[in-house]
Amino acid sequence: MTDYGHPITFSLSLYPSVDLLRETKQLPQVADAAGLEYLAIQDHAYNPEFLDVWTLITYLTAETERISFFPDVADLQLRPPTILAKAAASLSVLSGGRIALGVGGGATADGIAAMGGIRRNGREMVAFTDEALQIMRRALAGGVVEFRGSQHTIGGYEAGPAPPEPVPLWLGSVGPRMLAITGRSSDGWISPLSTYLRPPAVPARQRLIDEAAISAGRDPSAVRRIYNVVGAIGARRGGPGLSGDVHSWVDTLSDWSVELGFDTFVFWPTSAPLAQLEVFATEVVPGVRQRVSERRGQL
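## Section: the pairing of strand E10 (residues 224–233)
Piece 1. In terms of residue burial, E10 counts as a mostly covered element, since nine of its 10 residues are buried.
Piece 2. Alignment of strand E9 (residues 188–193) against E10, held across four bridges, turns out to be parallel. Looking at the pairing, Trp189 lines up with Arg225 of E10.
Piece 3. Traced from E9 through helix H7 (residues 202–215) to E10, the parallel crossover comes out right-handed.
Piece 4. Note that E10 and strand E12 (residues 264–269) share six bridges and pair parallel. The partner of Val230 across the bridge, within E12, is Trp268.
Piece 5. With three bridges joining them, E10 and strand E11 (residues 242–244) adopt parallel strand pairing. Paired with Gly231 across the two strands is Leu242, which belongs to E11.

Set out below in structure tokens:
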């Protein structure tokens, strides 16, 4: 079993379609009142249907009081690391620290190139991401940032404002080289959708992260583990992702926490998100918290 001991937290994924704007405005307020810790919003800027992730997060922080937000995940190749760090720090100041920074190397080379970004191969993308995390870490801390690498050159940028508390840097990754960066340099691993990276494939990825962390002189528990869980809660079984009643969701998420090492679950409902959010927040979330607490007490 792998349990890194972090508090168990929960998030809802918002689908940033302009056609769902009314729902997108309503869901954060419900999630905020229900006690979820995070709202996650995907970043595919080349999709004409999608609102810009940072504009949407900024708007929604002003419409909520307690809940935190993170991009799941921001495309580093379309968002320069100094600007992305500046945006995150600024929004952290404005929202009272309610920002985590989820980032990734970029979903599709075609989409990035279509918006004027550079088409990078796998190794170049990995190097670009590695350097970008180092730059963002320094920029989020404030002060002068200088960096010379194969993909970035930062010549004495004076970073600020300083956020009221550290902004976590979470990295979305799946391949060995990106997982190694996650272990060496990030504050958290954002796993791909549960329909893309199924639970049996998770332990091997966790080991790669742990090995990289240890090689870098870090405790593996310094890296949080975030799972994007696609599915539906209800008596009817079947459909994509995790599908079943409340008891099966509580059992499964508790297993994935204590046995696979995940501490944060991002719910991607496949239908009726408002109704699904209510069941998730009022029945699944407290059930998982209690079950994990009980199981940890038995270890």
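## Quick notes on the pairing of E9
Piece 1. Within E9, six of the six residues are buried, leaving the element largely enclosed by the surrounding structure.
Piece 2. Of the pairings in the sheet, the one linking strand E8 (residues 169–172) to E9 comprises three bridges and is parallel in character. Its bridge partner lying in E9, Gly172 is registered against Ile190.

## Focus on the layout of surface pockets
The probe, sized like a water molecule, is rolled over the atoms to show the empty space still left.
Piece 1. Space inside the largest pocket adds up to approximately 630 Å³.
Piece 2. Considering the residues around the largest pocket, the lining is formed by 29 residues, among which His44, Val73, Ala107, Gly172 and Pro192 are closest to the centre.
Piece 3. A per-element tally of the lining of the largest pocket places E9 first, with four residues.
Piece 4. For the lining of the largest pocket, a count of residues per class yields 14 nonpolar, 11 polar and four charged.
Piece 5. If you add up the space inside the second largest pocket, you get close to 220 Å³.
Piece 6. Contributing to the lining of the second largest pocket are 13 residues, with Ser13, Leu14, Tyr15, Trp268 and Pro269 lying nearest its centre.

## Thoughts on the pattern of salt bridges
Piece 1. Under the counting rule described, the total for this entry stands at 13 salt bridges.
Piece 2. Between Arg291 and Asp251 there is a salt bridge, with the nearest N and O atoms lying 2.5 Å from each other. Taken together, the positions of Arg291 in helix H9 (residues 273–298) and Asp251 in helix H8 (residues 246–258) put the pair 40 residues apart, joining distant regions of the chain.
Piece 3. Shared partners join several salt bridges into a network, and the residues in it are Asp43, Asp52 and Arg79.

## Let's talk about the nonpolar core
Piece 1. By size, the foremost hydrophobic cluster in this structure holds 71 residues, and its most contacted members are Leu101, Leu253 and Phe280.
Piece 2. When residues of this core are assigned to their parent elements, the largest contribution, nine residues, is made by helix H5 (residues 122–141).
Piece 3. In contact with Leu101, other than residues within four places in its own chain, are Trp54, Pro71, Leu84, Ala88, Met136, Leu140, Val167, Pro168, Leu169 and Trp170.
Piece 4. Among the nonpolar cores identified, the runner-up in size contains 11 residues, and Ala40, Phe70, Trp170 and Ile190 belong to it.

Criteria and thresholds
- Residues numbered from 1 in each chain as written.
- Predicted model: local features only at pLDDT ≥ 70, side-chain atom pairs only at ≥ 80, totals over all residues.
- Heavy atoms only, no water.
- Buried < 20%, exposed > 50% of the residue type's maximum accessible area, 1.4 Å probe, protein only.
- Helix = DSSP H or I, 4+ residues; strand = E, 2+ residues; numbered from the N terminus.
- Pairing = 2+ DSSP bridges.
- Right-handed = clockwise from strand over helix to strand, strands pointing away.
- 1 Å grid on protein atoms, 1.4 Å probe; cavity = no way out; pocket = protein on both sides within 12 Å on 5 of 7 lines; lining within 4 Å.
- Points joined across faces, edges and corners; volume = space filled by probe spheres on them.
- Nonpolar A, V, L, I, M, F, W, Y, C, P; charged D, E, K, R; others polar.
- Salt bridge = Lys/Arg side-chain N within 4 Å of Asp/Glu carboxyl O.
- Core = buried A, V, L, I, M, F, W, Y, C linked by side-chain atoms within 4.5 Å.
- Contact = heavy atoms within 4.5 Å.

The values are spatial; any link to function lies outside them.
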